[in-house]
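# Observations on the model geometry
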Amino acid sequence: MMRRRRPLLRSAALVGGTAAVAHHAGRRSAQREEEQYAQGAQDAQSQQSYAAPAPAAAPSAGPSEDALAKLKELGQLHDQGILTDDEFAAQKAKLLG
């Protein structure tokens, strides 16, 4: 008695179809992982931008008491006409660093 076989085309399509489904599922999974990685990198970058300023920028509390007193004295000399605008600006820049 002859047994009827399934055509090869159908079995190949079944195997190929399963492989295609698995391939596309893997690609979607990889895309999601890439998106999550990119989002994590963006989050890390945004957290760094909100970090506290560098310690070198912190001591900008303003001039000291002595510097303020000298600035007032220079301002008075400038108002009296003893110092020119250029001399006053140069001394002020020297005091404020």
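It should be noted that the structure appears before, not after, this text.
These figures come from a predicted structure and were not determined experimentally. (Residues numbered from 1 in each chain as written. Predicted model: local features only at pLDDT ≥ 70, side-chain atom pairs only at ≥ 80, totals over all residues. Heavy atoms only, no water.)

When its secondary structure is counted, the chain shows three helices and zero strands. Reading the chain from its N terminus to its C terminus gives the helix and strand order α-α-α. Total accessible area on the chain stands at roughly 9000 Å², and carbon and sulfur atoms take up 56% of it. (Helix = DSSP H or I, 4+ residues; strand = E, 2+ residues; numbered from the N terminus. Areas by Shrake-Rupley, 256 points an atom, 1.4 Å probe, with all protein chains shown as cover.)

Position of A89 among the secondary structure elements: in helix α3 (residues 85-96). Residue classification places A89 among the partly exposed positions, given a relative accessible area of 42%. The spacing of A89 and L74 is 15 residues in sequence and 9.6 Å in space, taken between C-alpha atoms. (Buried < 20%, exposed > 50% of the residue type's maximum accessible area, 1.4 Å probe, protein only.)

Okay, α3 next. Compared with an ideal rise of 1.5 Å per residue, which puts twelve residues at 16 Å, α3 spans 16 Å between its outermost C-alpha atoms and is within 8% of the ideal. After α3 finishes, the residue G97 shows a positive phi value of roughly 80 degrees. (Expected span 1.5 Å × (residues − 1).)

What follows is about the environment of A67. Inspection of the secondary structure assignment puts A67 in helix α2 (residues 65-79). Given the relative accessible area of 9%, A67 is considered buried. In this structure, the C-alpha to C-alpha distance between A67 and L95, residues 28 residues apart in sequence, is 6.3 Å.

For α2, spanning 15 residues, the distance from its first C-alpha to its last is 21 Å, which sits close to the expected 21 Å at 1.5 Å a residue. Once α2 ends, the next one or two residues include G81, with phi positive near 90 degrees.

Moving on, we come to the environment of L77. By the secondary structure assignment, L77 is in helix α2. Residue classification places L77 among the partly exposed residues on the basis of a relative accessible area of 25%. In this structure the C-alpha to C-alpha distance between L77 and F88, which are eleven residues apart in sequence, comes to 8.5 Å. Every residue in contact with L77, bar those within four places of it in the chain, is listed here: I82 and L83. (Contact = heavy atoms within 4.5 Å.)

Before going further, it helps to examine the packing of α2 against α3. What describes two packed helices is the angle between their axes and the distance between those same axes. With their axes 10 Å apart at the nearest point, α2 and α3 run at an angle of 180 degrees to one another. One element, α2, and the other, α3, form an angle in the roughly antiparallel class. Seen from α2, the contacting residues are A67, K70, L71, L74, G75 and H78; seen from α3, they are D85, F88, Q91, K92, L95 and L96. Looking at the contact of α2 with α3 residue by residue, the classes come out as six nonpolar, three polar and three charged. (Axes fitted to C-alpha atoms, helices over the stretch in contact; angles between N-to-C directions. Parallel < 35°, antiparallel > 145°, perpendicular 65-115°, else oblique. Nonpolar A, V, L, I, M, F, W, Y, C, P; charged D, E, K, R; others polar.)

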